[in-house]
Amino acid sequence: MRHPILFTTLLSPLVLHVSHAQTGGNLSNCKGGCDLGEVCIGNPFSQPVTDAQCNKCAGGQYWWPCNFETLCFCNSIEENAPRAPPAPKSRIKVNELLDPCRDILTEEVFDAIVQPMSE
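A.B. asks: Is there a simple way to think about the side chain of Asn 43 in this case?
C.D. replies: As for its position among the elements, Asn 43 is in the loop between strand S1 (38–42) and helix H2 (51–58). Taking the relative accessible area as the measure of exposure, Asn 43 reaches 7% and is therefore buried. In terms of polar contacts, Asn 43 uses its side chain to reach the backbone amide nitrogen of Phe 45, at 2.9 Å. Here the side chain of Asn 43 touches Thr 70 through a polar contact of 2.8 Å, landing on its backbone oxygen. Not counting residues within four places of it along the chain, the set of residues in contact with Asn 43 comprises Val 49, Thr 70, Leu 71, Phe 73 and Pro 85.

Here it is, written out as structure tokens:
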């Protein structure tokens, strides 16, 4: 006899993971085109995707590879420019009232981390 409840339970994490994936529509960092002096290129640390495939994202293409946030990104057109993709968006709201340098990493905290008190 099969156990459908156990089967559903085992697949639940997979279903939750897939439902939170950022796919669909044009999610690339090239959506709407790149700034002057930039071109849409493929992410070398991701799925194999060419610059030519990513160039279509800037023009509004909404299927692969443009429907994944991290596959294509705008980068400088200068020769030998580093191909470092931007960090994925966290979608966490920024707390504009909190200044990390003033409120979290104070000079006292910094000194305690960098220069431990000697006995």
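Past the structure itself, the notes keep going.
A.B. asks: What is the right way to look at the nonpolar core in this model?
C.D. replies: One recurring pattern in soluble globular proteins is that nonpolar side chains are buried together. Cys 30, Cys 40, Val 49, Cys 54, Cys 57, Cys 66, Leu 71, Cys 72 and Cys 74 together form the largest nonpolar core, which totals 9 residues. Only H2 and strand S2 (72–76) provide two or more residues apiece to this core. Those residues in contact with Cys 30 that lie beyond four places of it in its chain are Cys 40, Cys 57, Ala 58, Cys 72, Phe 73 and Cys 74.

A.B. asks: Could you clarify how one ought to interpret the state of the cysteines in this entry?
C.D. replies: Every disulfide links exactly two cysteines, by a covalent bond between their sulfur atoms. Within this structure, the stated rule accounts for 4 disulfides. For Cys 54, the disulfide goes to Cys 72, at an S-S distance of 2.0 Å. Here the disulfide of Cys 54 and Cys 72 is left-handed, its torsion about the S-S bond being about -70 degrees. A residue pair is termed long-range when its members are at least 10 positions apart, and Cys 54 in helix H2 and Cys 72 in strand S2 qualify at 18 residues. With a relative accessible area of 0%, Cys 54 lands in the buried category. Disulfide partner of Cys 57: Cys 66, at an S-S distance of 1.9 Å. Given an S-S torsion of about -90 degrees, the disulfide between Cys 57 and Cys 66 has left-handed geometry. For the residue pair Cys 57 and Cys 66, the accessibility class agrees, reading buried in each case. Numbered by position along the chain, the disulfide-linked cysteines of the chain connect as 1-3, 2-8, 4-7, 5-6.

A.B. asks: Help me understand the packing of aromatic side chains, please; the structure alone is not making it clear to me.
C.D. replies: What characterises a pair of aromatic rings is the spacing of the ring centres plus the angle enclosed by the ring planes. Under the definition given, this model contains 1 aromatic pair. Between Tyr 62 and Trp 63, the aromatic rings sit 5.1 Å apart at their centres with planes inclined by 85 degrees, giving edge-to-face as the arrangement. Given a relative accessible area of 49%, Trp 63 falls into the partly exposed group.

A.B. asks: Would you take a moment to explain unusual backbone geometry for this structure?
C.D. replies: The bulk of non-glycine residues show a negative phi, and the bulk of peptide bonds are trans. The omega torsion of the bond from Trp 64 to Pro 65 falls at 5 degrees, within 30 degrees of zero and hence cis. Inspection of the secondary structure assignment puts Pro 65 in the loop between H2 and S2. Located in the positive-phi region is Asn 80, a residue other than glycine, with phi close to 65 degrees. Locating Asn 80 in the fold gives a position in the loop between S2 and helix H3 (100–104).

A.B. asks: What exactly am I supposed to notice about the pairing of S2 here?
C.D. replies: Along any regular strand the residues' side chains alternate between the sheet's two faces. With respect to burial, S2 is a largely interior element, 4 of its 5 residues being buried. Of the strand pairs in this sheet, S1 and S2 are connected by 5 bridges, and their pairing is antiparallel. Counterpart to Glu 38 in the pairing with S2 is Ser 76.

Quick notes on the rules
Residues numbered from 1 in each chain as written. Predicted model: local features only at pLDDT ≥ 70, side-chain atom pairs only at ≥ 80, totals over all residues. Heavy atoms only, no water. Helix = DSSP H or I, 4+ residues; strand = E, 2+ residues; numbered from the N terminus. Buried < 20%, exposed > 50% of the residue type's maximum accessible area, 1.4 Å probe, protein only. Polar contact = N/O pair within 3.5 Å; in protein donor to acceptor, adjacent residues only side chain to side chain. Contact = heavy atoms within 4.5 Å. Core = buried A, V, L, I, M, F, W, Y, C linked by side-chain atoms within 4.5 Å. Disulfide = S-S within 2.5 Å. Phe/Tyr/Trp six-rings, centres within 6.5 Å; stacked < 30°, edge-to-face > 60°. Pairing = 2+ DSSP bridges.

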